[in-house]
Amino acid sequence: MLLIKTRRDVLLAPLQAVSGIVERRHTLPILSNVLLEKRGGVLTLLATDIEIQITTATADVGGEGEGAVTVGARKLQEILRSLPETAEVSLLLEDRRLQVKAGRSRFNLQTLPAEDFPSMTLSHEAEARSLRLTQKQFRQLLAQTHYSMATQDVRYYLNGLLLLLADGELRVVATDGHRLAYASMPLPEGAGGVGEDAEFRQELILPRKTVVELNRLLADTDEPLAIDILPNQIRFQFGQISLVSKLIDGRFPDYQRVIPLTLKDVIRVQRSVLLQSMVRAAILTNEKFRGVRLVLGDGSLKIIAANAEQEEAQEEIEVEYSGEPLDVGFNVSYLLDVLNNSSGETIDWGFNDASSSALLTIPGNDRFKYVVMPMRI
């Protein structure tokens, strides 16, 4: 008999933290469940999809029983969400069913045995290399780069994010073959075993799903984040959450060869002005190709979009430019991604010619670079 008595929010918050990785449809039915384990006054919740595992705990639970059980994560989450915020909730296990009570509401859910739950084991924890950052620092690196990851690319190593530890820095790179985002930060003193070894160099590729979950769970605060690098695995610990993920076994492309070393022309524009102009022009782009033309001339940047219905949009921005005219096409979605995920007030946009990739940077910040390939329009 597993008896838990607590407030609705005390149970819902940790459940939401772990259930993001739970798939709605799975070949193994138990992977749609969350493991609930109560020992004393501590309730531990665990979810996994075999590749990633998230564990969290809460100590603010009552009830006399102890034990473990697995129950459908989505259904339990939806039930708790639908209850009043101040509701007192109790969970009772009887005859392989979990009864959820709140006020006059009753729900009976099917369960599966806890011993059948396929929790991940850490590989050679004694060999772990550790890194200590703040949640805000790492979350900012993810925010600047994650949108450039590929989605279901046959080059499986692109469906993730490169973490490169080298020269006392943490570098993060993502690319889908059409654009590339790079961000870095110096490792602070006291960052751990990795940060204190100047000769240490390691490349890791985080799976896309792991990056998405970290971006969702990390707080924009100075609370600590511990990263443990294990053979073929990585562990992130922050707050009450522990996230363990397998790593992608592959060779990430040499990102340094993609970033242009020289630029013929560079213009500086207000990020918000450019973003608003791009948003308006994107309304009339072709839904499939999403292409816009950038026409750079004496003192002006024109953004032109057209679609198959012969409709056209044109935006014009004043810029300091006196070089040769340039007419180049880009996927507007790639430009909107970087503009929406950059925090600088201005953007430097560097060009060479209509067939070469462009480089977007933030003035005064050499730790962020965004490369985007042109497209024919």
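Source: prediction; values computed, not measured.

Reading guide: rules and limits
Residues numbered from 1 in each chain as written. Predicted model: local features only at pLDDT ≥ 70, side-chain atom pairs only at ≥ 80, totals over all residues. Heavy atoms only, no water. Helix = DSSP H or I, 4+ residues; strand = E, 2+ residues; numbered from the N terminus. Buried < 20%, exposed > 50% of the residue type's maximum accessible area, 1.4 Å probe, protein only. Contact = heavy atoms within 4.5 Å. Areas by Shrake-Rupley, 256 points an atom, 1.4 Å probe, with all protein chains shown as cover. Lys, Arg positive; Asp, Glu negative; His and termini not counted. Charge placed at Lys NZ, Arg CZ, Asp CG, Glu CD. 1 Å grid on protein atoms, 1.4 Å probe; cavity = no way out; pocket = protein on both sides within 12 Å on 5 of 7 lines; lining within 4 Å. Points joined across faces, edges and corners; volume = space filled by probe spheres on them. Nonpolar A, V, L, I, M, F, W, Y, C, P; charged D, E, K, R; others polar. Phe/Tyr/Trp six-rings, centres within 6.5 Å; stacked < 30°, edge-to-face > 60°.

(A) Inspection of the overall build of the protein chain at higher detail. The number of helices and strands found in the protein chain is six helices and 24 strands. Of all 377 residues assigned to the protein chain, the portion counted as buried reaches 52%. Considering only intrachain contacts with a sequence separation of at least 6, the fraction spanning at least 24 residues in the protein chain is 68%. As displayed, the protein chain has an accessible area near 18900 Å², and 45% of this comes from carbon and sulfur atoms. Taken together, the 41 basic and 50 acidic charged side chains of the protein chain have centroids lying 6 Å from each other.

(B) A look at empty space enclosed by the protein. Under the criterion given, the structure shown has two cavities of 30 Å³ or more. Roughly 30 Å³ of internal volume is contained in the second largest cavity. What lines the second largest cavity is Leu131, Leu163, Leu165, Leu170, Leu204, Ile227 and Ile229. For the lining of the second largest cavity, the class distribution of residues is seven nonpolar, no polar and no charged.

(C) Structural detail: the packing of aromatic side chains. Enumeration according to the criterion identifies six aromatic pairs in this entry. Ring geometry for tyrosine 156 and tyrosine 157: centres 5.6 Å apart, planes at 70 degrees, overall edge-to-face. Overall, tyrosine 157 belongs to the partly exposed group, its relative accessible area being 23%. Between tyrosine 182 and tyrosine 255 the ring centres are 5.5 Å apart and the planes differ by 25 degrees, which places this aromatic pair in the stacked class. Taken as a pair, tyrosine 182 in strand S12 (residues 179-186) and tyrosine 255 in the loop between strand S16 (241-246) and strand S17 (265-270) lie far apart in primary sequence, 73 residues in all. Side by side, tyrosine 182 and tyrosine 255 carry an identical accessibility label, which is buried.

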